[in-house]
Amino acid sequence: DSLRQFGDLWSIAEADSVLFFQSSNAVFTVSADDKVACYNVNDSYHRGFTCGGGYYINERGSGLKMFTGAGFSPANGGSFFSNSIISGWVELSTDTVLLGTREEGVFKWLPGSGEALKFNFADSEADLFVRKNRIYHMTSLPDGNVAFASLLNGTLITDRAGRIQKILHYQSGVQDNAHYFLGL
């Protein structure tokens, strides 16, 4: 019965043949042999992410943590994000991840070394957009571009260098400016 006290599921993902169901205070796993496990977490805000075959969460106060098979351990450099809300994640390559935060903007995170670098958008207007409009979700598009959904001004689409390709918002014909999820 205590396993039922977990609240809304914020994300579902698959990594290394394990399914992950994430809520704010627990992550449930279902392995390839249908074994179910529950891992309690301290305020795992919003969404889990996959990268390089691994599964990560953003735990408030601790930062990025990686699933180890027996629970969650701090990811390399993950404490850098201990006070951040990571709203989006796009794997640029096997060793570089674009992390979108709600308040601080966008970072390039290198999981191997743990280094987190401020992402330098080629277009300063794109940088202003992500910092000002509260990024809520991100995704990589089939053409290689990156889409940033915001709570305040629609969705920004940039190329991988950060040059604006398009902004989808109320002024361009979209129903409203609060965009919560991007899916393909």
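For the structure, see preceding data.
All values reported here derive from a predicted model rather than from experimental measurement.

**A short note on the overall build of the protein chain**
- Counting secondary structure elements, the protein chain contains one helix and 16 strands.
- The C-alpha extent of the protein chain, read off along each of the three principal axes, is 50 × 35 × 30 Å.
- Total accessible area computed for the protein chain in this model is approximately 9,300 Å², and 49% of it derives from carbon and sulfur atoms.
- Positive and negative charge centroids in the protein chain, built from 14 and 19 side chains respectively, lie 5 Å apart.

**A closer look at the sheet that holds strand β6 (residues 54-59)**
- In space, the four strands of this open sheet follow the order β5-β6-β7-β8, with antiparallel pairing throughout. Each edge of the open sheet is held by one strand with a lone partner, namely β5 (49-51) and β8 (72-74). Taking the axes of each pair of neighbouring strands and ignoring which way they run, one obtains an average angle of 40° across the sheet.
- Pairing between β5 and β6: three bridges, direction antiparallel.

**Observations regarding the packing of aromatic side chains**
- Counted according to the given criterion, the structure contains 16 aromatic pairs.
- Taken together, the ring pairs connect Phe20, Tyr39, Tyr55, Phe67 and Phe72 into an aromatic cluster.
- One residue, Lys118, lies across the ring of Phe107, its end atom 5.2 Å from the ring centre.

**Some remarks on the environment of Phe6**
- Here Phe6 is to be found in the segment before β1 (9-15).
- Once the C-alpha coordinates of Phe6 and Ala26 are considered, the two residues, 20 residues apart in sequence, prove to be 6.2 Å apart.
- Phe6 has contacts with Ser23, Ser24, Asn25, Ala26 and Phe28, leaving out every residue within four places of it along the chain.

**Here we look at the environment of Asn76**
- Inspection of the secondary structure assignment puts Asn76 in the loop between β8 and β9 (86-93).
- Residues Asn76 and Glu125, spaced 49 residues apart in sequence, show a C-alpha to C-alpha distance of 31 Å.
- Beyond its immediate chain neighbours, meaning those up to four positions away, Asn76 contacts Trp109, Pro111, Gly112, Ser113 and Gly114.

**Here we look at the pattern of salt bridges**
- Going through the model one piece at a time under the given rule, you end up with five salt bridges.
- The salt bridge partner of Glu103 is Arg134, with a shortest N-O separation of 2.5 Å. Here Glu103, found in the loop between β10 (96-101) and β11 (105-110), pairs with Arg134, found in the loop between α1 (124-132) and β13 (135-140); they are 31 residues apart in sequence, far enough to count as distant.
- With a closest N to O distance of 2.9 Å, Asp159 and Arg163 form a salt bridge.

**Describing the sheet that holds strand β3 (residues 26-30)**
- If you trace the four strands from one edge of the open sheet to the other, you get β1-β2-β3-β4, paired in antiparallel fashion. The outermost strands of the open sheet, each flanked by one partner alone, are β1 and β4 (36-40). Pairs of neighbouring strands in the sheet enclose a mean axial angle of 20°, with direction left out of account.
- Pairing geometry for β1 and strand β2 (residues 18-23), over six bridges, is antiparallel. In the sheet register, Ile12 faces β2, and the bridge partner there is Phe21.

How each quantity is defined
- Sequence order sets the numbering: in each chain, residues are counted from 1 along the sequence as written.
- The model is predicted, so local features are restricted to residues of pLDDT at least 70 and side-chain atom pairs to those at 80 or more, both for listing and for counting; the totals for chains, interfaces and linings are taken over all residues.
- Water and hydrogen atoms were dropped before computing side-chain values, which therefore reflect all heavy atoms in the structure.
- Secondary structure elements are taken from DSSP: a helix is a run of H or I of four residues or more, a strand is a run of E of two residues or more, and numbering for both begins at the N terminus.
- The accessible surface values rely on the Shrake-Rupley method and a 1.4 Å probe; as for residues, cover is taken only from the protein chains in view.
- Counted as positive: Lys and Arg. Counted as negative: Asp and Glu. His and the chain ends are not counted at all.
- All charge positions are set by atom: Lys at NZ, Arg at CZ, Asp at CG, Glu at CD.
- Being paired, for any two strands, means DSSP has found at least two bridges between them.
- Fitted lines through C-alpha atoms serve as axes, helices being fitted only where they are in contact, and the angles separating the N-to-C directions of these axes extend from 0 to 180 degrees.
- Planes of paired rings set the category: under 30 degrees apart is stacked, over 60 is edge-to-face and the rest tilted, where pairs are Phe, Tyr or Trp rings (Trp by its six-membered ring) whose centres lie within 6.5 Å.
- A positively charged side chain is recorded as over a ring if its NZ (Lys) or CZ (Arg) lies within 6 Å of the ring centre. The angle to the ring normal must also be within 35 degrees.
- Contacts were defined at the residue level, with two residues in contact if any of their heavy atoms lie within 4.5 Å.
- Every case where a carboxyl oxygen of Asp or Glu lies within 4 Å of a side-chain nitrogen of Lys or Arg is listed as a salt bridge.

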